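# A structural walkthrough
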Amino acid sequence: MTTTLEHKAPVIKHEGGGLARHQNFLTAMIGGVAGAFIAWAISHHLLDGNVRTTGDAVAVLTGLGWIVGFWFGIGALNAPFAWLIGKDQNRQDQLYYAGEDQGTKRYWKYCTDHKVVGVQYIVMTMVLLGAGGILAMAIRTELIVPGNHFVNQQVYNGFIAVHGMLMILALIVAVAGPWGNFVVPIMCGAKDMAFPRLNALSLWTLVGAAGLLLTTLAVGSLTMGWVVLAPITDQAGVGMDFFALSILVFTVSTTVAGVNTICTVFTMRTKGMTLERLPIMVWGAIIAAALGLYAFPYFSLVEALQILDRTASTSFFVGTGGGTGWLQANLFWLMGHPEVYVILIPAVAALFEIAAVMARKPVFSYRTAVAGMTGLAGLSILVWAHHMFTTGWAPTLGGPFMVTTELISIPTGLFFLVLIGTLWRGNIWMKLPTVWMFGFIANFIIAGITGIYLSDIPIDNQLHGTMFVTAHFHYVFVGSVLFGAIAALAFWYPKVTGRFLDEKLGRISFWLSFIGVQVTFLAMFVSGLRGMPRRYSSYSFIFEHTNFISTMGAYMIMAGMLVLGGAVIYCWNHGEPSGSNPWHANSLEWLVSTPPPLENFDVLPVITEDPYNFEKEMVLS
Amino acid sequence: MPKSMSQTMHLSILTMVVFSVSAAPVAAGVYAATLYIMRNWAHKGEGVPAAAPAVRESAKTVITWTLTSVILTVFLLIWGLGALAVDSSGASSNPLVVNVTGQQWVWSFQYAGPNGTKVESNDLYLPEGREVVFHVTSLDVTHGFWVPQMGVQIDANEGTFTEIHTTPNKLGTFDVRCTQFCGLNHAYMVTQGHVLTPSAFTTWLNAQPARS
């Protein structure tokens, strides 16, 4: 990025920052590796090598060493330590941490500016999607014909687990990370997040966790699907320990980010920004954050107990010691289903925002939109056992969980009402974000309807554990969430870079991806209906045609994503200049300059109405 | 779809048809509305589109939409709960009990043979027209016992038995596949099943070597 920050008021140059002047991503990596090595050396030396659990304990401690070393190296612990010894940060230090006058270097640092964190999340999301995408292509390539040809089964089984987990992590942050950080504070009229340092902590903790997750591929042994449930975990090697620890660390990141988002919205809104005048995107961000705060502790718990089972011979999930795998499955899905809506809700809220701006109309029935998202979040905590219909656990609860699950279609239906209602009789600007939004609508209806099939136990007894389920949730995550995330990217990209995401390349990418999704996953529905189970490394000849078609479709999606990725990188410096308010919108993020200055506003604005009156164009006075 | 070979599967397919018929108008409506929007209200020409007339609320629309989705959902729920009740109604007085055991990466099936003996088979043999109750367990990790032609699926867990039942109603062969990821050869954990006439089944059972 070549643009520089501009300041109205001259700031006296000062040597703020202290140690942080020497810290960046490189020192973080060095710190992480050093930390891992020290932890490994000590634990390897001190723990009794004859005990069964020692290998796992050493692995977990090594992973912890990596995370702590990474935190030290990036500078996450500077401020707390300085505070401990009585040296609080002064204004110059804070400005240094916010990345003042550091140009593009600040993107590699522990930067507290929420806009820098937003950009870091964009990059992080793309890295995770890229890594997960490469694995997806490897999986589809292996499945192009029956038999094992391309990778061996052990490696393949590792790919499906890591592909799943990487994509889940990527999508959890895909909208809430970039835009929850970059635009939400400005939308509220805040100068930054409530806790800027925690904001940087959440990002860099995610980076550390992702590093740990990727190492599981190198050390192998994570061969049990992304859900990673006992008792098969017992057969896994140290990759399993890294995996469990990386998820535990990841939940630290989401918790910190969630608290930060909620506190920002509830305490930092500018004068006149009542809850009903908030852009609808902000509601999506806080509802998802609140749901995450409910759900992710279960994830922490699952992984913490799992680590204890492996390293300290406890038996929470081990049948022979009095535990049960069903306990783990319950805890996991108590997190696992709400998590789907932690992923979905920010994307939907972003689309409400985009629909309103592009149709030049207010969000249709704002309160219904809020109620729909809240209702969905509320219901989602009561449906977890539909993932366990066929496990044999508590058959008598099948009926009740079927009821709660099918009720989900009511708030989901409200999303369609709000979107279609907003677009109805609009004056719709058919730009790139709009195109991806229409793609979302087309895919989300398929995702939703196939979900109703699976919520029904007599059908689920047939389709559970088959490719039908895989196709269903890929319509949710790829067809819906990813399309929503790309719409959001195309919409706010000009605010970040001052340039448009290329319309032509974006549309080429759209058509490749849109057709690719239909080809891949409609064929996958057929594979499932015909009786092909999930997580197969090879299959019978009767599934040959549909798998070949799915693989061809997957290559189309890959082509689409490569075009999009190329466009994102190319347009960053070479795209068509957009000005500061290309969509002529009225929410605050469009009224500040592009890129927004450090601390966003010289004078905090006073809000008198919601941002959806397109009759007049607002300016900051 | 695999050919239906049991009452359970028949009901499962019927339920899918009912759900498809109920859902199709909804999907068609959303697609029609979306295409209509794109056709009629896409802004033509260059430049920023003017503001459209603001409609912030329409109580009538919201209530109609919500009521419609509630009615549809309740209908699907009543149908689904009814089908579930049929599926899970108690076993008949004289079911055939088959113990199903999964282990990495084979299935085995145990029957009560003649004169209190036990019979074990690697293929699953079932008589036509008689209810069969599967008692499913595992010797190691969790497996998923699934007969695609009969619409029955239940996990095999170590140290406990799960139960599912169905009534085969067609002669022929069928598949048994594992639906829970169970390690290296998960994809190869398949076996064959055969539905025989009751007399052929008895003949087969009596011809098996008894195991203690």
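My aim in this report is to walk through the structure given alongside it, one point at a time. Just so we're clear, the structure is a prediction, and the values are computed from it rather than from any experiment.

Bringing the sheet that holds strand β8 (residues 162-166) of chain B into the picture now. Residue and element names in this part refer to chain B. Pairing is mixed in the open sheet, where 5 strands are placed in the order β3-β2-β1-β5-β8. Unpaired on one side and paired on the other, β3 (118-121) and β8 mark the two borders of the sheet. Sheet twist, expressed as the average angle between the axes of neighbouring strands with direction ignored, equals 25 degrees. Pairing between strand β1 (residues 96-103) and strand β5 (residues 132-138): 7 bridges, direction parallel. Looking at the pairing, Leu96 lines up with Val132 of β5. Across the face of the sheet, helix α3 (residues 198-207) comes into contact with β1, β2 (106-112) and β3 while running at roughly 100 degrees to β2.

Now for a nonpolar patch on the surface. Residues and elements named next belong to chain A. Where nonpolar side chains cluster on the molecular surface, the patch consists of Val68, Phe72, Phe81, Trp83, Leu84 and Ile85 and spans about 680 Å² of accessible area. At the level of elements, α2 (54-74) and α3 (78-84) are the ones that each hand at least two residues to the nonpolar patch. No other element matches α3, which puts 3 residues into the nonpolar patch. Tracing the sequence through the fold places Trp83 in helix α3.

Quick look at the pattern of salt bridges now. This model, assessed by the stated rule, comprises 9 salt bridges over all chains. Of the charged contacts in the structure, one is a salt bridge between Glu276(A) and Arg367(A), with a shortest N-O distance of 3.0 Å. With Glu276(A) in the loop between α10 (238-267) and α11 (280-311) and Arg367(A) in helix α13 (residues 366-380), this pair connects stretches of sequence that are 91 residues apart. Between Arg177(B) and Asp175(B) there is a salt bridge, with the nearest N and O atoms lying 3.3 Å from each other. Take Arg177(B): its relative accessible area is 6%, and that puts it in the buried class. Via salt bridges that share partners, Asp56(A), Asp241(A) and Arg310(A) belong to a single interconnected network.

Definitions and cut-offs
Residues numbered from 1 in each chain as written. Chains lettered and ligands numbered in written order. Predicted model: local features only at pLDDT ≥ 70, side-chain atom pairs only at ≥ 80, totals over all residues. Heavy atoms only, no water. Pairing = 2+ DSSP bridges. Helix = DSSP H or I, 4+ residues; strand = E, 2+ residues; numbered from the N terminus. Axes fitted to C-alpha atoms, helices over the stretch in contact; angles between N-to-C directions. Contact = heavy atoms within 4.5 Å. Patch = residues over 30% accessible without salt bridge, like charges linked within 9 Å, V, L, I, M, F, W, Y side chains within 5 Å. Areas by Shrake-Rupley, 256 points an atom, 1.4 Å probe, with all protein chains shown as cover. Salt bridge = Lys/Arg side-chain N within 4 Å of Asp/Glu carboxyl O. Buried < 20%, exposed > 50% of the residue type's maximum accessible area, 1.4 Å probe, protein only.

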